[in-house]
Amino acid sequence: AQGQQLLNDAGWVDNDGDGIRERGRVKLAFDYASGPPDSVFRQTLMELVQSQLRTNCGIDLQGELHPPEALYDLFPTGLLFGRRFDLGEFSWRTGIEPPCDLYLSQAIPSEQNRGGANDTGYSNPAFDEACRAARSALDAATRNEKHAEAQAIFTQDLPSLPLFWRVQAGVARPRVDNYRPDATANSDLWNIEAIGLTSP
């Protein structure tokens, strides 16, 4: 309801009753890029996002699934890092420390920075300052404080929205010792040298 009110206040209303908001003669519609084309998961997710934004917000998304080389290529040719999209949805790995460096102003892709990761073009000096302070802090208390400050700014500006976390699950027989999945590791066998079997 709050989001709908914000759109109403901005002049985006559904005057013709077709379920899509408009302002004047302009429909509230965006291109929606994701991929790869053969992913049933990405297709299903795209359909859910399209349906929810249409039903809940009156926004029309024209979705297309692209091959990885088109989606992830560097600036200026890639859809995401070339910043040639209205709305982009893709997976991203992260570690235990908040990856605020992905959204620094200096990380915006450009001719001078073709490998920049800030595909949203987000730029906020206060966020930059807090993120840099967090990344350069030598003590945990300062690092945590500055990360929290950067996260509060990010949450207010919201240049990107994490949709969900994908769960990693692992199973081991009772005889397996030291099998300990770790959320910060890329594999549940991160400590393979310590894994063993007990005698039956």
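What you see is a predicted model, and the numbers here were worked out from it, not measured in a lab. (Residues numbered from 1 in each chain as written. Predicted model: local features only at pLDDT ≥ 70, side-chain atom pairs only at ≥ 80, totals over all residues. Heavy atoms only, no water.)

What follows concerns the overall build of the protein. Helices and strands together make up the secondary structure of the protein, namely five helices and seven strands. Secondary structure elements in the protein, listed N-terminal to C-terminal, are α-β-β-β-α-β-α-β-α-α-β-β. The C-alpha atoms of the protein give a radius of gyration of 21 Å, which is well past the 16 Å a tight globule of 200 residues would have. Considered along the principal axes of its C-alpha atoms, the protein spans approximately 75 × 40 × 35 Å. Residue burial in the protein is summarised as follows: out of 200 residues, 27% are buried. In the protein, the share of contacts with a sequence separation of at least 24, taken over all contacts with a separation of at least 6, comes to 45%. Counting only carbon and sulfur atoms, one obtains 53% of the accessible surface of the protein, whose full area is about 13,200 Å². One finds the centroid of the 18 positive side-chain charges in the protein at a distance of 2 Å from the centroid of its 28 negative side-chain charges. (Helix = DSSP H or I, 4+ residues; strand = E, 2+ residues; numbered from the N terminus. Rg over C-alpha atoms; globule rule 2.2 N^0.38 Å. Buried < 20%, exposed > 50% of the residue type's maximum accessible area, 1.4 Å probe, protein only. Contact = heavy atoms within 4.5 Å. Areas by Shrake-Rupley, 256 points an atom, 1.4 Å probe, with all protein chains shown as cover. Lys, Arg positive; Asp, Glu negative; His and termini not counted. Charge placed at Lys NZ, Arg CZ, Asp CG, Glu CD.)

As a further point, take the pairing of strand β3 (residues 29-34). Residues in a regular strand project their side chains so that they alternate between the two faces of the sheet. In this sheet, strand β4 (residues 60-65) lies alongside β3 in parallel orientation, the contact comprising six bridges. Across the sheet, the residue bridging to alanine 33 is glutamate 64, located in β4. Note on the crossover from β3 through helix α2 (residues 40-57) to β4: the handedness is right-handed. Alignment of β3 against strand β5 (residues 87-88), held across two bridges, turns out to be parallel. Bridge pairing in β5 links tyrosine 32 to leucine 87. (Pairing = 2+ DSSP bridges. Right-handed = clockwise from strand over helix to strand, strands pointing away.)

Now for the environment of proline 67. If you trace the backbone, proline 67 turns up in the loop between β4 and α3 (68-72). Separated by 103 residues in sequence, proline 67 and glycine 170 place their C-alpha atoms 30 Å apart.

To continue, consider the packing of aromatic side chains. The full count for this structure, using the stated rule, is eight aromatic pairs. Taken together, a centroid distance of 6.3 Å and an interplanar angle of 75° make the contact between tyrosine 122 and phenylalanine 154 edge-to-face. Placement of the pair is tyrosine 122 in the loop between β5 and α4 (125-136) and phenylalanine 154 in helix α5 (residues 140-157), with a sequence separation of 32 residues. Given the relative accessible area of 8%, tyrosine 122 is considered buried. The exposure class assigned to phenylalanine 154 is buried, which follows from its relative accessible area of 16%. Arranged with centres 6.2 Å apart and planes meeting at 45°, the rings of phenylalanine 127 and phenylalanine 154 form a pair that is tilted. (Phe/Tyr/Trp six-rings, centres within 6.5 Å; stacked < 30°, edge-to-face > 60°.)

The next subject is α2. Counted at 1.5 Å a residue, the expected span for α2 with its 18 residues is 26 Å, and the 25 Å between its end C-alpha atoms agrees. Considered for burial, the residues of α2 that qualify are Arg42, Leu45, Met46 and Val49. Buried residues along α2 cover an arc of 105° about the axis, so they all sit on one side. Exposed and oriented more than 90 degrees from the buried face of α2 are Val40 and Thr55. (Expected span 1.5 Å × (residues − 1). Arc of directions from axis to C-beta.)

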